[in-house]
Amino acid sequence: MHWADFTAQRLKLECGENLVAASGITPSGEFHLGHIREILSAEMIHRACLDAGLDSRYIFIVDSMDPLRRVYPFLSDEYEQYIGCPLAFIPAPNPDGTPSQDGLSYAEHFLGPFLEALQQIGVFPEVIMNHQTYENGDFAVKIDSAIQNTDTIKDIIERISGRELPDDWFPYKPLGSDRSMDGVTVTGYEKPYVHWTDRHGESGSADIRKADGKLPWRIDWAARWGIHGITCEPAGKDHGAAGGSFDTGIPICKLLDSEPPAKMVYEWIQLKGSGPMSSSTGNTIGPIEALSLVPPEILRYLIAGSKMNKHIDFNTGPALFQMADEYERLVANPPSGTDEELNKRQRVARDTQNAALRLSQVKHGTNPSDSLAGVSFRHLAMLAQIKSNDDNIWKSLFESDHIFDPNPSDALIDRLSRMRNWIESVHFPDDARIVIQSELTEDARKNLDGEQMSFLINFKQAISDITWNDEQISQAIKDTVEVTQIGARQAYIAIYWAVLGQHFGPRASSLLVEIGSEKLEQLLP
RNA sequence: GGGCCUGUAGCUUAGUCAGGUAGAGCGCCGGGCUUUUAACCCGGUGGCCGUGGGUUCGAAUCCCAUCAGGCCCGCCA
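Keep in mind the model is a prediction, meaning the values are calculated, not measured.

Trainee: How should the packing of aromatic side chains be read in this particular structure?
Mentor: The geometry of an aromatic ring pair is captured by two quantities: the separation of the ring centres and the angle between the planes. Scanning the entire structure with this criterion turns up 16 aromatic pairs. Measuring from centroid to centroid gives 3.9 Å for Y134 and F139, while their planes differ by 15 degrees, and the two rings are stacked. Judged by relative accessible area, which is 0%, Y134 ranks as buried. One aromatic cluster is present, formed by Y72, F74, Y79, Y82, Y106 and F110 through successive ring pairs. Lying over the aromatic face of F89, R179 brings its terminal NZ or CZ to 4.5 Å of the ring centre.

Here it is, written out as structure tokens:
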């Protein structure tokens, strides 16, 4: 059974019919593909719950109350003054890294494009800005309870995480006079006010019913589970480590009088060969960039087709062909068979794969076969390279029986457009690139026998005064084959050696049309 | 130092929770499509399931140990 369906089943038993799946991300910088796993893990469980006839909501909590931790490389030095301030209350950066004046908050700035990317992959969460939850007072009861239980919480964190907290540790961080929570000391608590003094010598009171401060992360997380009634929140493996925030969150959540979701941890996405994604090392690919290359259902399939506890190597090179073609094959030929025909393992495989397809659809509930483009990635990549005009590609696909309607489907048009982006990008793998030689190479000469050489010489003459189109070229090849008394196969091989420097290639006449007569003559002996 | 995950065919992996004869895709090889779209179709090759013990009638699966790879653990979400 698929992990999403399995989880839905488990949630039904443990939590009943009303479920809330959640994701949470700090908008401290550009979102990257790793965040897509956070989102999709939860969203797919949400869909699986709906498919199982349960009531389910999916919420995306934006950690907008989290402080700016440091001046990231893409920020100007002016951000120094905002360190420690909630991301919701500081200005968005301009492209040059300076704070902008247009009123958009830092959190909103990075969130916007990410939400657009989510729409493209069919994810429509209820977005909750965490600072608003503070602002409207929903945290107040939990904050009060946390403060009442300061010693117990401190004990839980110290015992489970093995971390030692300072004597004056307090489970609430008020904002100081400069709206930063750095350098602020709590001096007392009189419900609902937390009194403080800050590093500037100012003092004041934070109202726990307002966004005047926040709970530290480990408590914030545990509190929000209760506030939003969250029954499931898959978390990244950083939270899942022993003594991590999931382990402390569970008892803290109970202490604050709510039922925590069960621990659930997903592995990270890595870029093949270069470790985990990190914006500081530049080893990152954004959801928008990924979506310009990869069709959304295939990006979903990347997550749906992997087990949660397996790390995913995202590779915009050769592996993308494999993943895309695997998806295409599965959609074209979904696993079938009755329970009687299959053994236990085959049934599991069948159900898991069908569920992965179901969950990969951009629009919930649509038939996977609607996303069928009808042509493999590999084949489309070849066509896109040798035909600059889209219409010629549709024509070719129709004539080769890949598609049965001369007008391409929306899915196919979409595929081609992303394919062209991919080919133009640095991510496109070299060995899939069709490289036209600039001269008849030494290597080619070595591999051509006398017959083939004379074929090429005759062929050069045959094309010297023809109209440059597919049909005429094809005819010229056939005519020359007859004249030269050479096997057709050998003739084609000769052409490929001359043009591509290898013994095989895409349909010769199509290729030659694109190369042009002038260029071709340079390549022939 | 503490902990998590992974190790199955050349590659990507399913199967591990509920033990019952090792599956798939890709690649590769051969054939077909009787003059090639890197397409498509058919057939075939290929695995002491990381290693060593243990439990069991029976272990990829459970237990212990061990090796290898990846990763997480600073009031940081």
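We are not done yet, so read on.
Trainee: Would you mind going over helix α9 (residues 245-255) with me for this structure?
Mentor: An α-helical turn contains 3.6 residues, so any two residues separated by three or four positions project in the same direction. Every buried residue of α9 is accounted for by S245, F246, T248, G249, I252 and C253. Angularly, the buried residues of α9 cover 155 degrees about the axis, an arc narrow enough to put them on a single face. Of the surrounding elements, those touching the buried residues of α9 are α6 (150-161), α7 (217-228), β9 (235-236) and α8 (237-240). Where α9 terminates, the next one or two residues include D257, which has phi positive at roughly 75 degrees.

Trainee: Please clarify how the sheet that holds strand β2 (residues 55-62) should be interpreted in this entry.
Mentor: Within a sheet, each strand pairs with its neighbour through backbone hydrogen bonds, oriented either parallel or antiparallel. Read across the open sheet, the three strands follow the order β1-β2-β3; overall the sheet is parallel. Both edges of this open sheet fall to β1 (18-25) and β3 (126-129), since each of them pairs with a single strand only. Along the sheet, successive strands turn relative to each other by an average axial angle of 30 degrees, direction set aside. The pairing of β1 with β2 spans eight bridges and is classified as parallel. Looking across to β2, one finds that G24 is bridged to I61. Contacts from α7 reach β1, β2 and β3, with the element oriented near 145 degrees to β2.

Trainee: Please clarify how the protein's contact with RNA strand B should be interpreted in this entry.
Mentor: Around RNA strand B sit 42 residues, and of these R69, K237, R329, F504 and G505 come closest. Counting only atoms of RNA strand B within 4 Å of the protein, the sugar-phosphate share comes to 69%. K310 is positioned such that a nitrogen or oxygen atom in its side chain is 3.1 Å from a phosphate oxygen of RNA strand B. Here the element with the most residues in the surface near RNA strand B is helix α20 (residues 488-500); it accounts for five residues.

Trainee: Hey, could you run me through the pairing of β3 in this one?
Mentor: Along any regular strand, the residues point their side chains to alternate faces of the sheet. As paired elements, β2 and β3 share four bridges and run parallel to each other. Counterpart to I59 in the pairing with β3 is E126. Crossover handedness for the path β2 to helix α3 (residues 106-120) to β3: right-handed.

Trainee: Explanation requested: the packing of helix α14 (residues 377-386) against helix α15 (residues 390-399) in the structure shown.
Mentor: Helix packing geometry: the angle between the two helix axes and the distance between the axes. Put simply, α14 and α15 touch, their axes get as near as 10 Å, and they point 135 degrees apart. On the basis of their axis angle, the class for α14 and α15 is oblique. The two elements α14 and α15 cross, and the hand of that crossing is right-handed. Where α14 approaches α15, its residues H379, L380, L383 and A384 are matched on the opposing element by I393, S396 and L397.

Trainee: Would you take a moment to explain the packing of helix α11 (residues 296-304) against helix α12 (residues 318-332) for this structure?
Mentor: Where α11 contacts α12, the two axes come as close as 10 Å, and the packing angle between them is 95 degrees. The pairing of α11 with α12 is recorded here as roughly perpendicular in orientation. Where α11 abuts α12, its residues E297, I298, Y301 and L302 lie against M323, A324, E326, Y327 and L330. Its residues assigned to classes, the contact of α11 with α12 shows seven nonpolar, no polar and two charged.

Trainee: What am I meant to see in the side chain of S474 here?
Mentor: Mapped onto the elements of the fold, S474 is located in helix α19 (residues 470-484). The exposure class of S474 is buried, given its relative accessible area of 12%. If near-sequence neighbours (up to four positions away) are discounted, S474 is found in contact with R507 and S509.

Trainee: What exactly am I supposed to notice about the side chain of R37 here?
Mentor: Position of R37 among the secondary structure elements: in helix α2 (residues 33-51). Of the side chains bearing the opposite charge, E267 lies closest to the buried R37, which forms no salt bridge; the N-O distance is 5.8 Å. One polar contact links the side chain of R37 to the main-chain carbonyl oxygen of M308, over a distance of 3.3 Å. Leaving out residues up to four positions away in the same chain, R37 has contacts with Y266, E267, W268, I269, I303, S306, K307, M308, K310, H311 and I312.

Trainee: Explain the environment of E80 to me, please; I cannot follow it from the model alone.
Mentor: Topologically, E80 is positioned in the loop between β2 and α3. Once the C-alpha coordinates of E80 and I457 are considered, the two residues, 377 residues apart in sequence, prove to be 71 Å apart.

Each value, and the rule that gives it
Residues numbered from 1 in each chain as written. Chains lettered and ligands numbered in written order. Predicted model: local features only at pLDDT ≥ 70, side-chain atom pairs only at ≥ 80, totals over all residues. Heavy atoms only, no water. Phe/Tyr/Trp six-rings, centres within 6.5 Å; stacked < 30°, edge-to-face > 60°. Buried < 20%, exposed > 50% of the residue type's maximum accessible area, 1.4 Å probe, protein only. Lys NZ or Arg CZ within 6 Å of the ring centre and 35° of its normal. Helix = DSSP H or I, 4+ residues; strand = E, 2+ residues; numbered from the N terminus. Arc of directions from axis to C-beta. Contact = heavy atoms within 4.5 Å. Pairing = 2+ DSSP bridges. Axes fitted to C-alpha atoms, helices over the stretch in contact; angles between N-to-C directions. Near = heavy atom within 4 Å. Polar contact = N/O pair within 3.5 Å; in protein donor to acceptor, adjacent residues only side chain to side chain. Right-handed = clockwise from strand over helix to strand, strands pointing away. Parallel < 35°, antiparallel > 145°, perpendicular 65-115°, else oblique. Left-handed = near helix turned anticlockwise from the far one by under 90°. Nonpolar A, V, L, I, M, F, W, Y, C, P; charged D, E, K, R; others polar. Lys, Arg positive; Asp, Glu negative; His and termini not counted. Salt bridge = Lys/Arg side-chain N within 4 Å of Asp/Glu carboxyl O.

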